[in-house]
Structure formats: structure tokens, C-alpha cells
Protein chains: 2
Amino acid sequence: MRIIVADCSAEYTGRLQASLPLAKRVILVKADNSLLIFSELGSYKPLNWLAAPCTVRDITPDRADDDPDTPAPEKIIRASSDKTSDVLEVTFQHIYADDTFELGEDPGLVKDGVEDHLQRYLAEQIERIGEGARLVRREYPTAIGPVDIMAVDAEGTHVAIEIKRHGGIDGVEQLTRYCELLNRDPLLAPVRGIFAAQTISPQARVLAQDRGFECLLLDYDEMRGVEDDSLKLF
Amino acid sequence: MRIIVADCSAEYTGRLQASLPLAKRVILVKADNSLLIFSELGSYKPLNWLAAPCTVRDITPDRADDDPDTPAPEKIIRASSDKTSDVLEVTFQHIYADDTFELGEDPGLVKDGVEDHLQRYLAEQIERIGEGARLVRREYPTAIGPVDIMAVDAEGTHVAIEIKRHGGIDGVEQLTRYCELLNRDPLLAPVRGIFAAQTISPQARVLAQDRGFECLLLDYDEMRGVEDDSLKLF
DNA sequence: GACTTGAGTTGGTTA
DNA sequence: TAACCAAGTCAAGTC
């Protein structure tokens, strides 16, 4: 990892054109030559970058090109994508630091607990969709992809459940496609749809109700708590 | 911007739990205290991070807590979100570098040319949807949001155009909703739908054709070229 | 390898 | 401010 702190400007040409005026910034060049430009602004997204695989060249500015109006840059780095025509060129006016560190391999991030957990918890606490409900299976396969949860309610009616962390319109569309398909199967029809999420946008809620789906808000902490409690019984 | 290079491990607790085993990494702490942990892996996304607004504390490890089995960490940094319960704790075993640079304000990125351009070009070259076509307007307003382009073909039939850089299934669904709505208006009906994009996924193409929509591939460079040429006439 | 879906998404625009 | 939508999205899993 090469770490540069410098007054610099930059030009990106690829899927779009973007330019950075002169300012003091931090530049990271990774082992795979991918290049990131950071300022104090924004979240983790760099102002500008070039993804690997790419080639990085240090260009010493040609003194013959000197324009008397602008000071000669101290250095120019040009990163060119190996697969596309993307180019990111960084022009350095003053370099405060330029250090390289060998980081070596990284064991990587170990994640625990996302949307998959919501699905697992709801499957194990299936009566949250109504008393007497029974789980058929998670990831119930269909021709157009797996339904998150298939269940049967107290009346014996099949229930297809679409689970999202945040429920938006596209989630309702997805559930619509599943229910349309499932209701063509005489062995399953009629199939109710339930749209379950931690949060549901107002538009999605309206659309879901319009389509005849029930909306179910999931409380992650509460569901986790129930699991923890049930574990304590053993 | 504080730049640290160190052997470190990290624990994140928030919307999920995630941990980083001990390895040599680069840590950036921005002016707003947001903290990013990078390795040579991945693209511009850090392995782990904590977004602003947050508070960062340097903790000198308590020597009384020393576990004879594990070496005492040189330093611990705990970043706590000010608004949520997110916490990111970084434990440093060995620090190779720890420098702070004042970057100052950044003028930010100047972008030029994205999906908006596709829309503008197609509006100006509306005969790409068929000879004799005329533009009604861009961002044609409806109750459920603006249609990208509304036009009239040579036969006088209204045409609703949905434009995407990449055309996926959700884009077809969007166009479906618009056309459904527009076709309820006796002053407009019948309304044809055109799904226009630089690339269209096979599934989206099938769905679009199933819904009776025409698919139109847009060549950005060609459309830009036409514009440039027409500008040269003046 | 192409395609689809989720993300601790992030970021911008508009109601 | 909240909701919706695009992103030079990235990344993981599936076909």
C-alpha cells in the first residue's frame, strides 16, 4: 500500500468524465494498483478512484511542456484500466508524504447477522404471521427463484412470505411475481402473500395492500431476544 | 486526516456484528472522526468503518488487565456513533506509522455525463424510436412519478419511454406501472411502451416483450457523436 | 462467466 | 426532513 499526501488535481475518464480541482488530499495505491483519492468529505467512498485490474505509471512531467502561467507539477500518476478504457490521471503540485508499506495478506472480515437472520428468526417464530401457522420451508423453490418462506396458516391456506430489511416497491413487485406464479398451481392455490420487513416505505405499503398482501413489521431485537430466551431453556 | 499503519484487530457492533482478525492494515480517521480500515483487498470499500457523526477515543490499555497469554496491545481506539449504538473498536498490537495531516476544505468532484445525458440525447434524437416521431416532453409527470420521455409516433400514438443505463427487470416493472396508469386516461390511450437502455439483461428483455414493450438499445458514443456533429453546424 | 440480489450500501433530488 | 432512485456502485451467490 502506497500512501501519498499531496496537493493534487485529478481527471477521470471512463463511464463518465469527472474532475477534481487542486486541493490537499490523501491517495492510496493498493497492491493491485487500484487507486483511491480521499478528502475529509463524505463517508467511506473516495472522491475518485480506479478499480483493479489496472496499470499505474509515474510520469515525470516534461519540462519542455512548461506553461509559464501554471507551475510545473511535481509528478503525474496515470492509472489505466487493463480491461476498459477508464483512465484516472492525478497531477501532483506538492507532495507532503509518499510512503509504501507492505501489508501482506488479509484474513478478511467475518460477518455475523444480516437479512439471513431475519429469515431464520421468522422461520423459527412462524406464528408471528398468525396463530396456528406452520412452516413449510425456507427458500421454497419456484421457477423464477426461491420464495423466502413458505408457510401454511391455521386454515390450511398457503402463505408466501417475502422478507426484506427495508421493504420498498421492488420487494412488493417480487412478491407479486411469486404469488402470481404460485397461484397458477392448483395444488397450492390460493396463496396469500405477506410482505415482512424491519421497515416498510409508505408507497410500498400502499402497493402491497393494493395487491392484497399483508404487511408485517419485524422487530429484529425482539426476535433475537425470543431466540436467546428459548436457548436459555436448555 | 489521521493516517495509521499498524498490526491491528477490530470489532464492529451495530446493524451487524463483524470482526477483523489481527493483520497489518491502514486506518484513516477523517476530520469528522469517521474511521476507515483498509487492506490490500477489495475495491474502494473499506474492510470496516464507522460513519460520522461519531466520537473517537484513544484508550491506553490498562496494564492491570494484562493477560499473560496475549501480548498487551499498544493502543485501543474506540469509535462510537453519536446517533446509533454502533461501535467500532480497533486494537493495535504494533504501530508502524501514525501521522496527522490537515487537508482543509475540498472543492469536491465535478461530474459530467450520466443517465441524464442519455435522456437528453434521446429527447433530441427522438426519431431513434421511429421515423416521424415527435417529442412531447421529458420527465412527463404522472401521479406515480415522472415518465422519462413521452413522445408521439408517426401514427399519432403516444409512446412512454423508460430509460436506464442498464435495463433490468425492475425497469420493466416501472414502465409497466406507468403504462398501466397512462392507459387509463382516455385522452392518451393507447400508450405504447419503449424500454431503452445501453444494455438490457436477457430476463428483462423477455419480460418487456411479454408485456408488449419494445426494447431499444442506446449507443451512448453514437448519440453523443450526433450531438457533436449537429453542434459543428453552427 | 453472465446475471441477479443485497449492502452496516452511499449520495442526490424532490416532495 | 423523508422517501425514492441512481451509482464509474461493490460483492456474493447462482445458473
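Residues numbered from 1 in each chain as written. Chains lettered and ligands numbered in written order. Predicted model: local features only at pLDDT ≥ 70, side-chain atom pairs only at ≥ 80, totals over all residues. Heavy atoms only, no water.

Structural notes on the packing of aromatic side chains
Working definition: an aromatic ring pair is given by the centre-to-centre distance plus the angle between the planes.
Here is step 1: Tallied over the full model, the rule gives three aromatic pairs over all chains.
Here is step 2: Sitting above the plane of the Y96(A) ring, K24(A) keeps its charged end 4.0 Å from the centroid. (Phe/Tyr/Trp six-rings, centres within 6.5 Å; stacked < 30°, edge-to-face > 60°. Lys NZ or Arg CZ within 6 Å of the ring centre and 35° of its normal.)

Some thoughts on the domain arrangement of chain A
Here is step 1: If you check the domain split of chain A, you get domain 1 (2–100) and domain 2 (115–232).
Here is step 2: Spacing between the C-alpha centres of domain 1 of chain A and domain 2 of chain A amounts to 48 Å. (Domains from an automatic or database assignment.)

Let's talk about the relation of the copies chain B and chain A
Taken together, a rotation about one axis and a shift along it account for how the two chain copies relate.
Here is step 1: In screw terms, the move from chain B to chain A is a rotation of 179° and a rise of 0.0 Å along the axis, fitting with an RMSD of 0.3 Å. Taken together, the rotation angle and the small translation identify this as a two-fold axis. (Least-squares fit on C-alpha atoms with pLDDT ≥ 70 in both.)

Brief notes about the sheet that holds strand β13 (residues 214–217) of chain B
All names here are of chain B.
Here is step 1: The five strands lie next to each other as β9-β10-β11-β12-β13, forming an open sheet whose pairing is mixed. Since the sheet does not close on itself, it has two edges, and those belong to β9 (134–140) and β13, each with one partner. Across the sheet, the axes of successive neighbouring strands diverge by a mean angle of 30°, strand direction being ignored.
Here is step 2: Lying on the sheet, helix α2 (residues 169–182) is in contact with β9, β10 (147–152), β11 (158–167) and β12 (191–200); it crosses β11 at an angle near 165°.
Here is step 3: Those strands touched by helix α3 (residues 202–210) are β11, β12 and β13, and its axis lies near 170° from that of β12. (Pairing = 2+ DSSP bridges. Helix = DSSP H or I, 4+ residues; strand = E, 2+ residues; numbered from the N terminus. Axes fitted to C-alpha atoms, helices over the stretch in contact; angles between N-to-C directions. Contact = heavy atoms within 4.5 Å.)

Comments concerning the protein's contact with DNA strand C
Here is step 1: Around DNA strand C, 20 residues are found, and the nearest of them are K164(A), R165(A), R15(B), N48(B) and W49(B).
Here is step 2: The contact atoms of DNA strand C, taken as those within 4 Å of the protein, divide so that sugar and phosphate hold 74%.
Here is step 3: Taking K164(A), its side chain carries an N or O atom lying 2.7 Å from a phosphate oxygen of DNA strand C.
Here is step 4: The separation between a phosphate oxygen of DNA strand C and a polar side-chain atom of R165(A) is 2.4 Å.
Here is step 5: Counting residues per element, the ones that place at least two in the surface near DNA strand C are β11 (158–167) of chain A together with β4 (48–50) and α3 of chain B.
Here is step 6: Examining the composition of the surface near DNA strand C, we find that three residues originate from one element, β4(B), more than from any other.
Here is step 7: Residues that form the surface near DNA strand C fall into these classes: eight nonpolar, five polar and seven charged. (Near = heavy atom within 4 Å. Polar contact = N/O pair within 3.5 Å; in protein donor to acceptor, adjacent residues only side chain to side chain. Nonpolar A, V, L, I, M, F, W, Y, C, P; charged D, E, K, R; others polar.)

Structural notes on the packing of α2(B) against α3(B)
All names here are of chain B.
Here is step 1: It is the contact of α2 with α3, at a shortest axis distance of 8 Å, that shows an interaxial angle of 20°. Relative to α3, α2 is oriented roughly parallel. As α2 packs across α3, the resulting crossing turns out to be right-handed. Contacts from I169, V172 and E173 in α2 reach Q203, A204, L207 and A208 in α3.
Here is step 2: When grouped by side-chain class, the residues that make up the contact of α2 with α3 number five nonpolar, one polar and one charged. (Parallel < 35°, antiparallel > 145°, perpendicular 65-115°, else oblique. Left-handed = near helix turned anticlockwise from the far one by under 90°.)

Things to note about the pattern of salt bridges
Here is step 1: Summed over all chains, the structure comprises 22 salt bridges over all chains.
Here is step 2: Across the pair D106(A) and R25(B) runs a salt bridge whose closest N-O atoms are separated by 2.6 Å. Here D106(A) is found in the loop between β7 (87–100) and β8 (110–112), whereas its partner R25(B) is found in strand β2 (residues 17–29) on a different chain. In this structure, D106(A) and R25(B) share a single accessibility class: buried. (Salt bridge = Lys/Arg side-chain N within 4 Å of Asp/Glu carboxyl O. Buried < 20%, exposed > 50% of the residue type's maximum accessible area, 1.4 Å probe, protein only.)

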